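# Tertiary structure, described
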Amino acid sequence: MTYRTFGTCLTLALGTAFGSMAAAADFEFTFAHVLTEDTPNARAAVVFKEEVEKNSDGRIEINIRPAAQLGGDVEIIEQTQMGLVDISIPPTGNLANFNEQMYLFDLPFLMEDEAAMKRVLDGEVGTELLATLDANNLHGIAMWGAGFRHMTNNIRPINGLGDLQGIKMRTLQAPTILATYRTYGANPTAMAYVEVYNGLQQGVVEGQENPLANIYSMKFYEVQDYMTLTGHAYHTYAAIMNKQAWDSLPDDLKKVVEDAMIVGRDAARQYTAEDETKILEEISDDIEIQELTPEGRAAFIEASQPIYEEFAPMVTSELMEKALAAAKGE
């Protein structure tokens, strides 16, 4: 190799090295969740990642760890508090174990449709609750979600309140949901999401509740006989960051993250709506599907009032009334 050739190679090598250094992200964040990669919210997490990396001109890099690679929802919340995880989207049912006001979103029949859900989650109530997370060393950015939850089981079709009597129902590790099923006469058991299929298959639990995307992606319909489209609660996720990770960002990048969270949230809702009709068609040969009758719904709503009374002191009556008014469009 001549001196001239060696010099050219050295210049190119140094240029590549310095170029790589210049291109390195200023911030690298881990985004963890429990969802399989084909679910609407897991796909929306990728949309969020792409939006952040594009609009930050590469100054932020997002590393997604899906499918409970870093543990279940409760473990991920704890890791987000400690800064071992930077970003997460836990269900508010699990988050309520750390912040009691989050009990609000799992009260049954609070939000009856998509319009009511948006008024509550995207409006003053959602914003107010996200702000309370600062006390938990978390920064709340937006409310995501996976659609309305429905009931499945192996014992009998759920046509009314009495049909739940004695059924062993798996729930989130969420006091509101556990209290709901006890009030309805079922026998609820908290179980990690990734353990539910085996629990149903082995008869440890006989039923469960989830939005259609989760029922489909985790193949719960394979080990369940009956599904009732109860739509009794919206499966809300809180899009959160570790407080120190959030505070480390300059204002311009905070806006990039906030804007990308809204894009991700809207993508998740769009994907959910597109998927649900397809899911019902695809699983209809494997599980008996029925709508909850108006009479059955009315009975469930009436039976739910003691649950609201039980959790009003934790949520606060003022916030609960504000949420009920928003849900009704008042």
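The notes below deal with the structure included here. (Residues numbered from 1 in each chain as written. Predicted model: local features only at pLDDT ≥ 70, side-chain atom pairs only at ≥ 80, totals over all residues. Heavy atoms only, no water.)

### Overview of the packing of aromatic side chains
Taken as a whole, this structure holds 9 aromatic pairs when the rule is applied. Relative to Phe-48, the ring of Phe-31 lies with its centre 5.6 Å away and its plane at 80°, an arrangement referred to as edge-to-face. Of this pair, Phe-31 sits in strand E1 (residues 27-32) while Phe-48 sits in helix H2 (residues 40-55), placing them 17 residues apart in sequence. Like Phe-48, Phe-31 is buried. Judged by centre distance (6.3 Å) and plane angle (85°), the ring pair of Tyr-193 and Phe-220 falls under edge-to-face. Residue Tyr-193 is found in the loop between strand E6 (187-190) and helix H8 (196-202), and its partner Phe-220 is found in the loop between helix H9 (212-217) and strand E8 (226-242); the two are separated by 27 residues along the sequence. Pair check on accessibility: Tyr-193 and Phe-220 agree, each one buried. Put simply, the rings of Phe-109, Tyr-181, Tyr-184 and Phe-300 pair up and form one aromatic cluster. The positively charged end of Arg-43 is found above the aromatic ring belonging to Tyr-271, 4.2 Å away from the centroid. (Phe/Tyr/Trp six-rings, centres within 6.5 Å; stacked < 30°, edge-to-face > 60°. Helix = DSSP H or I, 4+ residues; strand = E, 2+ residues; numbered from the N terminus. Buried < 20%, exposed > 50% of the residue type's maximum accessible area, 1.4 Å probe, protein only. Lys NZ or Arg CZ within 6 Å of the ring centre and 35° of its normal.)

### Focus: the pattern of salt bridges
The tally for this structure, following the rule as stated, stands at 14 salt bridges. With a closest N to O distance of 3.4 Å, Asp-122 and Arg-265 form a salt bridge. You can see Asp-122 sitting in the loop between helix H5 (114-121) and helix H6 (124-131) and its partner Arg-265 sitting in helix H11 (residues 251-283), a full 143 residues away along the chain. The closest approach of N and O atoms between Arg-265 and Asp-266, which form a salt bridge, is 2.9 Å. Relative accessible area serves as the criterion here: at 36%, Asp-266 is assigned to the partly exposed category. Linked through salt bridges whose partners overlap, the residues forming this network are Asp-122, Arg-265, Asp-266 and Arg-269. (Salt bridge = Lys/Arg side-chain N within 4 Å of Asp/Glu carboxyl O.)

### A look at the environment of Glu-288
Structurally, Glu-288 is set in strand E9 (residues 288-291). Classification of Glu-288 by relative accessible area gives partly exposed; the value is 41%. A C-alpha to C-alpha distance of 38 Å links Glu-288 and Lys-322, two positions 34 residues apart in sequence. Every residue in contact with Glu-288, bar those within four places of it in the chain, is listed here: Pro-157, Asp-225, Tyr-226 and Met-227. (Contact = heavy atoms within 4.5 Å.)

### Section: the packing of helix H13 (residues 305-315) against helix H14 (residues 317-327)
For the pair H13 and H14, interaxial distance at closest approach is 7 Å and the crossing angle is 115°. Residues Tyr-308, Phe-311, Ala-312 and Val-315 of H13 touch H14, and the partners they reach there are Ser-317, Leu-319, Met-320 and Leu-324. (Axes fitted to C-alpha atoms, helices over the stretch in contact; angles between N-to-C directions.)

### Focus: the pairing of E8
Of all 17 residues making up E8, 16 are buried, and the element is well covered by its neighbours. Pairing of strand E3 (residues 87-88) with E8 involves 2 bridges; the strand directions are antiparallel. Opposite Ser-88, over in E8, you have Ile-240 as the bridge partner. Across 12 bridges, strand E4 (residues 138-153) lies against E8 in antiparallel orientation. (Pairing = 2+ DSSP bridges.)

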